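Examining the three-dimensional arrangement
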Amino acid sequence: MSARRPWPAAAVRLLACPVCGGPLDARPDDAGLRCPAGHSFDRARQGHVTLLPPGHVPPSGDSAAMVADRVAFLAAGHYAGVTRALGDAVTAGDDGPPGALLDLGGGTGQHLAGVLDRLPGAVGVVLDSSRYAARRAAGAHPRALAVVGDTWARLPVRDAAVDRVLVVFAPRNGAETARVLRPGGRLVVVTPAADHLAELVGPLGLLSVDPDKARRLSATLDPHLRPVAAAAHREELELDHAAVTTLVGMGPHARHLTPEGLAAAVARLPEGTAVTVSVELSTWARQG
Ligand SMILES: C[S@@+](CC[C@H](N)C(=O)[O-])C[C@H]1O[C@@H](n2cnc3c(N)ncnc32)[C@H](O)[C@@H]1O
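Every residue gets a number counted from 1 within its own chain, in the order that chain's sequence is written. Predicted model: local features are reported for residues with pLDDT of at least 70 only, side-chain atom pairs are reported and counted for 80 or more only, and whole-chain, interface and lining totals are derived from all residues. Hydrogens and water molecules were not included; the side-chain quantities draw on all heavy atoms of the structure.

So, about the site of the ligand. The full set close to the ligand counts 20 residues, and G105, D128, D150, T151 and V168 are the nearest of them. In protein, a polar contact requires one atom able to donate a hydrogen and another able to accept it; more generally it is a pair of N or O atoms within 3.5 Å, and residues adjacent in sequence count only if both atoms are side-chain atoms. Take S129: an N or O atom from its main chain is 3.1 Å from a nitrogen atom of the ligand. Within the contact set of the ligand, a nitrogen atom lies 2.8 Å away from a side-chain nitrogen or oxygen of D150. Structurally, the ligand is housed in the largest pocket. Throughout, the ten residues Ala, Val, Leu, Ile, Met, Phe, Trp, Tyr, Cys and Pro are labelled nonpolar, Asp, Glu, Lys and Arg are labelled charged, and all others, Gly among them, are labelled polar. Here the shell around the ligand is built from residues that sort into seven nonpolar, nine polar and four charged. Note on terminology: near, applied to a residue and a molecule or strand, indicates that one of the residue's heavy atoms is within 4 Å of it. A 1.4 Å probe that fits but cannot get out identifies a cavity on a 1 Å grid over protein atoms alone, an open set with protein on both sides within 12 Å along at least five of seven lines counts as a pocket, and a residue lines either if it has an atom within 4 Å of a point. The rule for placing a molecule in a cavity or pocket is simple: more than half of its atoms must lie within 2 Å of the grid points.

Pasting the structure below:
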């Protein structure tokens, strides 16, 4: 993963200055980004760039340990079915193949990379508040660019620039998503269904899915976006103890369990545990 890998120019053209909102351009040798007003942002050694409003402290996002577990779990292909279902939702629609994607809370960039592989002409931006995630996302795909940013702040993205916004198990910002989508563009949200990881919830003391999740999702997006399609993806994985441990470690559960407690609970599971992956995919269009 070279820090000097060229940034995809079409992805740079999606970005806006977090200070003044002006367009950002790559500095010579892709050493960073600069806007016409002179605000400048250095490229990190790992290849990503931080684009936050002045003085804005984002939520820390996933820790180094959570990101390491996410890298391991996704690299093993356990969520390949989720990536495929996401790609199906992103490429559905009657507006032609999308060319510009933004993955909010995109983590390691693995899902975006899978979708970009299906769209040979497209570029993408992965935005995440975790610098550990952004470091990984910087090397996820040659047509993707990684940004440390905050979904809850003004996004460092130009108005009406993006064909698809993706949000997979991450926070949504309806107003900002509507601002950055071009007319006819779509938001695709992936959320856990009620039976997601059901076999692990009791034995491992995991957080269960909020039954009111769908209504809350609607409430945050409705004023800015309207639902246009819905789909579901469900499959059964067979996971060994190591895979179960990384699955738990990469998620929100990681903060609620001690490593010893988790290890003891995992040891009581059969080696080769059936685990249901069950997600809902909802697609939204800009209002008006
Ligand atoms: C459960 S992970 C999902 C990551 C990725 N979408 C995936 O499915 O592999 C949630 C991600 O959202 C990020 N995140 C949390 N709050 C955020 C915020 N306010 N802005 C941007 N990213 C955020 C975390 O750092 C983490 O990478």
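Time to look at the sheet that holds strand β10 (residues 225–239). Two strands form a pair only when DSSP identifies at least two bridges running between them. Each helix is a run of DSSP H or I of at least 4 residues and each strand a run of E of at least 2, with the numbering of both proceeding from the N terminus. Ordered by their spatial adjacency, eight strands build an open sheet running β4-β7-β6-β5-β8-β9-β11-β10, and the pairing between neighbours is mixed. Where the open sheet ends on each side, the last strands, each with one partner, are β4 (49–50) and β10. As defined by bridge partners, β10 adjoins strand β11 (residues 273–286) across 14 bridges and the pair is classed as antiparallel. Counted as the bridge partner of R226 is A285 from β11. Lying on the sheet, helix α4 (residues 110–117) is in contact with β5 (100–104), β6 (123–128), β7 (144–148) and β8 (162–168); it crosses β6 at an angle near 170°. Strands in contact with helix α8 (residues 213–221) are β9 (181–192), β10 and β11; relative to β9, the strand with the most contacts, it is inclined by about 160°. Any two residues whose heavy atoms approach within 4.5 Å at even a single point are treated as in contact. With axes taken as lines fitted to C-alpha atoms, and helix axes fitted only over the stretch in contact, angles between N-to-C directions fall between 0 and 180 degrees.

What follows covers the nonpolar core. What makes a nonpolar core is a set of buried Ala, Val, Leu, Ile, Met, Phe, Trp, Tyr and Cys residues whose side-chain atoms join them at distances within 4.5 Å. Throughout this description, buried means an accessible area under 20% of the type-specific maximum (1.4 Å probe, protein chains only), exposed means over 50%, and partly exposed covers the range between. In this structure, Y79, L204 and L247 are the most contacted members of the largest nonpolar core, which totals 42 residues. Counting residues per element, this core draws most heavily on helix α3 (residues 80–91), at five residues. Core analysis: the next-biggest nonpolar cluster, separate from the first, contains 35 residues, V12, L24, V125 and L217 among them.

Here the focus is the packing of aromatic side chains. Within 6.5 Å between ring centres, the rings of Phe, Tyr and Trp (the latter by its six-membered ring) count as paired, and their orientation is classed by plane angle as stacked under 30 degrees, edge-to-face over 60, tilted in between. With the rule as written, the count across this model stands at two aromatic pairs. Within the aromatic cluster, the residues linked to one another by ring pairs are F73, Y79 and F169.

So, about the pattern of salt bridges. Criterion for a salt bridge: a side-chain nitrogen of Lys or Arg within 4 Å of a carboxyl oxygen of Asp or Glu. In this structure the tally under the stated criterion is ten salt bridges. Of the charged contacts, one joins D159 and R179 as a salt bridge, the two residues approaching to 2.6 Å between their closest N and O atoms. Taken as a pair, D159 in the loop between β7 and β8 and R179 in helix α6 (residues 174–180) lie far apart in primary sequence, 20 residues in all. Taking relative accessible area as the criterion, R179 reaches 15% and is therefore assigned buried. Ionic pairing is found between R179 and E176, a salt bridge with its closest N-O pair at 2.7 Å. Of this pair, R179 and E176 both sit in helix α6, three residues apart, roughly one helical turn. Overlapping salt bridges, with partners in common, bring together D95, D163, R164 and R182 in one network.

To continue, consider the pairing of β8. For β8, the tally of buried residues reaches seven of seven residues, placing the bulk of the element in the interior. Look down the strands so they point away from you; if the path from the first strand over the helix to the second goes clockwise, the crossover is right-handed. One crossover worth recording links β8 to the parallel β9 by way of α6, and it is right-handed.

A few words on the layout of surface pockets. By volume, the largest pocket is sized at about 1200 Å³. Residue lining of the largest pocket: 49 residues in total, with R70, V168, F169, A170 and P252 positioned closest to the centre. Every element with two or more residues in the lining of the largest pocket is listed here: α2 (64–75), α4, β6, β9, α7 (198–204) and α9 (241–249). Along its surface, the second largest pocket is lined by 18 residues, and T191, K213, A214, L217 and E280 are the ones closest to its centre. Among the secondary structure elements, those contributing two or more residues to the lining of the second largest pocket are β9, α8, β10 and β11. Residue composition of the lining of the second largest pocket, grouped by class: eleven nonpolar, three polar and four charged. Grid points are joined across faces, edges and corners, and a volume is the space filled by probe spheres set on the points.

This next bit is on empty space enclosed by the protein. Space left empty within the atom packing is revealed by a probe, the size of a water molecule, rolled over the atoms. Across all of its chains, the model carries one cavity of 30 Å³ or more by this definition. Taken as a whole, the largest cavity encloses approximately 80 Å³ of empty space. Lining the largest cavity are 14 residues; nearest its centre among them are R5, W7, R43, A138 and A144.

What is shown is where atoms sit, not what they do.
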